[in-house]
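Examination of the molecular architecture
Below are the chains, spelled out letter by letter.
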Amino acid sequence: IGGVRISPEEMEDFDPRGLLWAWEAPKPNESYIVACDPTVGIPSWCRELRTSDDHETDNAAIEVIRVGRDGKKDVQVAEWAAPISPYDLVPVLNAVGRLYAGDSENGEALMIVEAQPGPGIAICHELTHRYNYSNFWMWKKLDGAATIITTSPGWYANSAHNQRELWIKGHYFILHGGLEINSPWLTQE
């Protein structure tokens, strides 16, 4: 998207944190999902004030996926990660969600935030109340053969069962060519 190109040699020592890596510009006729794995992070962290110690802090990560249509695979189109606090992450999420709104009628990409454990519920609350963001994925529960949609936004990784199901489904999806991954850092995040 009119950004800077970095050679493979430069990538070895390059710190990607705090930058939006976009492999594809937003398109108005596509559907996007913005997924977020928040962290407690470092308050007021920014690239300009990085330290050698901040590499020890878990990064918050944002992944943007273009939803495949008509038998085409999903594609990772953007990524952002940094050891940022939840409240500092909110404006970044808002900007990315609106940038990749695509064909959404309300100008917001579908947002999936890991709500539990961790600070995800506070992030959803801040996005809703500070930025009027409303396009959240809602938690679904299996109840026998039926799926029940709750009024709770985000993914709840609060049990071994939920995490196991996510890994099984995600692993199957990726192995069978359902997702094109562009980031060299995704597996680390």
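Reading the values: the criteria
Residues numbered from 1 in each chain as written. Predicted model: local features only at pLDDT ≥ 70, side-chain atom pairs only at ≥ 80, totals over all residues. Heavy atoms only, no water. Helix = DSSP H or I, 4+ residues; strand = E, 2+ residues; numbered from the N terminus. Buried < 20%, exposed > 50% of the residue type's maximum accessible area, 1.4 Å probe, protein only. Contact = heavy atoms within 4.5 Å. Axes fitted to C-alpha atoms, helices over the stretch in contact; angles between N-to-C directions. Parallel < 35°, antiparallel > 145°, perpendicular 65-115°, else oblique. Left-handed = near helix turned anticlockwise from the far one by under 90°. Nonpolar A, V, L, I, M, F, W, Y, C, P; charged D, E, K, R; others polar. Phe/Tyr/Trp six-rings, centres within 6.5 Å; stacked < 30°, edge-to-face > 60°. pLDDT = per-residue confidence, 0-100. Salt bridge = Lys/Arg side-chain N within 4 Å of Asp/Glu carboxyl O.

1. Looking at the side chain of Glu126
- Position of Glu126 relative to the elements: it lies in helix 3 (residues 120-131).
- A relative accessible area of 18% places Glu126 in the buried class.
- Beyond its immediate sequence surroundings of up to four residues, Glu126 is in contact with Tyr87, Val90 and Tyr131.

2. Digging into the packing of helix 2 (residues 86-99) against helix 3
- Interhelical geometry of helix 2 versus helix 3 gives an angle of 60° and a closest axis separation of 9 Å. Considered as vectors, helix 2 and helix 3 are oriented oblique to each other. You can see that helix 2 and helix 3 cross each other, and the crossing is right-handed. Here helix 2 contributes Pro86, Tyr87, Leu89, Val90, Pro91, Leu93, Asn94 and Arg98 to the contact with helix 3, which in turn contributes Ala122, Ile123, Glu126, Leu127, Arg130 and Tyr131.
- Its residues placed into classes, the contact of helix 2 with helix 3 shows 10 nonpolar, 1 polar and 3 charged.

3. Section: the packing of aromatic side chains
- Taken as a whole and assessed by the stated rule, the structure comprises 3 aromatic pairs.
- Ring geometry for Trp21 and Trp185: centres 4.8 Å apart, planes at 55°, overall tilted. Taken together, the positions of Trp21 in strand 1 (residues 21-22) and Trp185 in the segment after strand 9 (179-180) put the pair 164 residues apart, joining distant regions of the chain.
- For Trp185, a relative accessible area of 13% gives the class buried.

4. Quick notes on the environment of Leu20
- Here Leu20 is to be found in the loop between helix 1 (8-11) and strand 1.
- Between the C-alpha atoms of Leu20 and Ala81, which are 61 residues apart in sequence, the distance is 7.9 Å.
- Excluding residues that lie within four positions of it along the chain, Leu20 makes contacts with Ala78, Glu79, Trp80, Val96 and Leu99.

5. Section: the confidence of the model for the protein chain
- Residue-level pLDDT values for the protein chain average 84, and 82% of them are 70 or greater.
- When pLDDT is averaged over each element of the protein chain, helix 2 comes out on top at 96 and helix 1 at the bottom at 62.

6. Quick look at the pattern of salt bridges
- Overall, the coordinates contain 8 salt bridges when judged by the stated rule.
- Ionic pairing is found between Arg50 and Asp15, a salt bridge with its closest N-O pair at 3.0 Å. Residue Arg50 is found in the loop between strand 2 (32-37) and strand 3 (60-66), and its partner Asp15 is found in the loop between helix 1 and strand 1; the two are separated by 35 residues along the sequence.
- Relative accessible area serves as the criterion here: at 35%, Arg50 is assigned to the partly exposed category.
- Among the residues examined, Asp15 registers a relative accessible area of 13% and is labelled buried.

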